Every structure is written in C-alpha cells, then in structure tokens.
Amino acid sequence: MAPTVLEQQLLLKGCLEGDPKKLAEFEDRSYLRTIRRVVRKDLETRLDKENVDHAINLALQAVYRGWKKVPSNGELRERIRSYALAVAEKYYKEWTDQLLRKKP
C-alpha cells in the first residue's frame, strides 16, 4: 500500500530533523538516488563535478525543507524528481548569472 500524504510528510520532516531512521528510510526507498540521478543528468554536461554535487545537496535540502508541500496524492518519487529538477535549474541559472556579472 502506498504511503499517505501524512506519512510522506513525516518522512521528509524526519529527514529535515536528522532522524537516522527516517534518513535510512529515505535512502532505502531510493529517493536519494532519484535526486542524485536527476540533478546529475540535468547538470553534468554544464557544470563541473563540484558544482553538480553542490546542486545535489541543495536539492536534497530543498526536498526536506519542503516537507509540507512536496508530498501529494501522487507518487512521491515523481514529486521529488520534479522538485529536484527545479532546484537544479535554479542553481544553474544563478551560477550562470554570477559568471555573467563577473565578466568585464
């Protein structure tokens, strides 16, 4: 049986609070792998590894902080995927904007 929205919210809230059991559950369900995969796929040809890793961490934290709004009646993995992609794109835009400001 699929987890309810409340169960999904409690999972993400527990991750945000650093609950080891919730963090392990998040990883066991491959949500962490989903975030890593979607961000890498989107950014690996545009940024170096260090910046991609930073974007992955930002996306992960954004998913945790969004514990009230990320879960929905749909598949949590899909919501996480779209949320992580949005964060990756925002990071890339900010990164390129910063580079443009540095150019003479």
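Overview of the structure. Counting from 1, residues in each chain are numbered in the order their sequence is written. Where local features are concerned, this predicted model is filtered to residues with pLDDT of at least 70; where side-chain atom pairs are given and counted, the filter is 80 or more; whole-chain, interface and lining totals use all residues. The basis for every side-chain value is the complete set of heavy atoms in the structure, and neither hydrogens nor water enter the calculation.

### Focus: the pattern of salt bridges
Piece 1. What counts as a salt bridge is simple: a side-chain nitrogen of Lys or Arg found within 4 Å of a carboxyl oxygen of Asp or Glu. Within the structure shown, the criterion is met by nine salt bridges.
Piece 2. A salt bridge links Glu 17 to Lys 13; its shortest N-O distance comes to 3.9 Å.
Piece 3. Exposure remark for Glu 17: the relative accessible area of 58% places this residue in the exposed category.
Piece 4. Classification of residues uses two cut-offs on accessible area relative to the type maximum, computed with a 1.4 Å probe and protein chains only: under 20% is buried, over 50% is exposed, and between them is partly exposed. Note on Lys 13: relative accessible area 29%, which makes it partly exposed.
Piece 5. The salt bridge involving Glu 25 is made with Arg 29; its shortest N-O contact spans 2.8 Å.
Piece 6. A cluster of three or more residues bridged by salt bridges with shared partners is formed by Arg 40, Lys 49 and Asp 53.

### Some remarks on the nonpolar core
The tendency in soluble globular proteins is for nonpolar side chains to be buried side by side.
Piece 1. Take the buried Ala, Val, Leu, Ile, Met, Phe, Trp, Tyr and Cys residues and link them wherever side-chain atoms come within 4.5 Å; each set so joined is a nonpolar core. Leu 12, Phe 26, Ile 35, Val 39, Leu 43 and Ile 80 are the most contacted members of the largest nonpolar core, which totals 27 residues.
Piece 2. If you list the elements that add at least two residues to this core, you get α1 (5-16), α3 (31-43), α4 (49-65) and α5 (76-102).
Piece 3. Among the elements that make up this core, the one with the highest residue count is α4 (eight residues).
Piece 4. Aside from chain neighbours lying at most four places away, what touches Val 39 is Glu 44, Val 52, Ala 55, Ile 56, Ala 59, Ala 84 and Ala 88. Where helices and strands are cited, they refer to DSSP runs of H or I of at least four residues and of E of at least two residues respectively, numbered from the N terminus. Should any heavy atoms of two residues lie within 4.5 Å, those residues are considered in contact.

### Comments concerning the packing of aromatic side chains
How two aromatic rings sit relative to each other is set out by the distance from centre to centre and by the angle between their planes.
Piece 1. Aromatic pairing here means that ring centres of Phe, Tyr or Trp (its six-membered ring) are within 6.5 Å. Orientation follows from the plane angle: under 30 degrees is stacked, over 60 is edge-to-face, and everything else is tilted. Counted under the stated rule, the structure contains three aromatic pairs.
Piece 2. Look at Phe 26 and Tyr 64: their rings are 5.3 Å apart centre to centre, the planes differ by 75 degrees, and that puts the pair in the edge-to-face class. One end of the pair, Phe 26, is in helix α2 (residues 20-28); the other, Tyr 64, is in helix α4, with 38 residues separating them in the sequence. Accessibility classification places Phe 26 together with Tyr 64 in one group, the buried group.

### A look at the environment of Tyr 31
Piece 1. With respect to the helices, strands and loops of the structure, Tyr 31 is situated in helix α3.
Piece 2. Accessibility expressed as a relative area gives 4% for Tyr 31, which makes it buried.
Piece 3. With 43 residues separating them along the chain, Tyr 31 and Gly 74 place their C-alpha atoms 15 Å apart.
Piece 4. Setting aside its immediate chain neighbours within four residues, Tyr 31 contacts Leu 11, Phe 26, Leu 76, Arg 77 and Ile 80.

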